[in-house]
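Summary of the model geometry
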Amino acid sequence: MVPDGGPPRRAPDTGVHVLRGTELLPHLGALRSVYAAAFGAPPWNEGAAQADAFVARLRADAARPGFLAAVAFAEGEAAGFATAWTTPTPFPAGRCYPEVAAGLGQDRTTAWLCGARETDELAVRPDARGTGLAAALLAAVTEDAPDGRAWLLTSLRSPRAMAFYRRQGWTQATHPAPESRGIAVFLGPHHPARNEAARPL
């Protein structure tokens, strides 16, 4: 668990600031703007209603145990962000979590993911892509994960995102059929179970 409070810290040479808990709340408008720009285009095609729903979720997520966010500002505007928190025990049953548990099995889900650092969102403005910012944001919210236990899930709808996580050294741990348009679980590059994860057939 990461404690709330304390001053924001600046990740070296990246312009990325790490905020913990409710420190993020003054920046919700800036993050909404990034979210809308990042997810408004294909394959996501999300509109204003989805961006508003994201802000509402984020306001609640900031109270989660271990919540932290990495936010990058350029010329006074937010250019990208990542959010993460500690996955609770027992493993959650809402959102996409049942699909995660089905893919890994209950024992591995509990052993590998409960109590680990879970990256929930990673977004950068289209004009900031290819600059290394996404990698810096991801590192900022996972580099101090307890015992290296970091994980995330992403949609098969975005081959670009899947390829990005692999380039960062993350290991794909579930392999749904591509036509299912489901989600895949990735374990961080220092996760102790990364070598136990099933490889694709």
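Described below are features of the structure shown in this document. (Residues numbered from 1 in each chain as written. Predicted model: local features only at pLDDT ≥ 70, side-chain atom pairs only at ≥ 80, totals over all residues. Heavy atoms only, no water.)

A look at the pattern of salt bridges
Should the charged atoms of two oppositely charged side chains come close, the side chains can pair. Under the defined criterion, the tally for this structure stands at six salt bridges. When the shortest N-O distance is used, the salt bridge between R95 and D120 registers 3.1 Å. Highlighted residues: R95 in the loop between β4 (77–86) and α3 (97–104) and D120 in strand β5 (residues 117–124), separated in sequence by 25 residues. What emerges from the salt-bridge pattern is a single network uniting R20, R117 and D144. (Salt bridge = Lys/Arg side-chain N within 4 Å of Asp/Glu carboxyl O. Helix = DSSP H or I, 4+ residues; strand = E, 2+ residues; numbered from the N terminus.)

Re the packing of helix α1 (residues 28–39) against helix α2 (residues 48–61)
Contact pair α1 / α2: the axes reach a minimum separation of 9 Å and the direction vectors enclose 140 degrees. Our classification of the angle between α1 and α2 gives oblique. Where α1 crosses over α2, the handedness of that crossing is right-handed. Along its contact with α1, which presents L28, L31, R32, Y35 and A36, the element α2 presents A48, Q50, A51, D52, F54, V55, R57, L58 and R59. Among the residues forming the contact of α1 with α2, the class breakdown is nine nonpolar, one polar and four charged. (Axes fitted to C-alpha atoms, helices over the stretch in contact; angles between N-to-C directions. Parallel < 35°, antiparallel > 145°, perpendicular 65-115°, else oblique. Left-handed = near helix turned anticlockwise from the far one by under 90°. Contact = heavy atoms within 4.5 Å. Nonpolar A, V, L, I, M, F, W, Y, C, P; charged D, E, K, R; others polar.)

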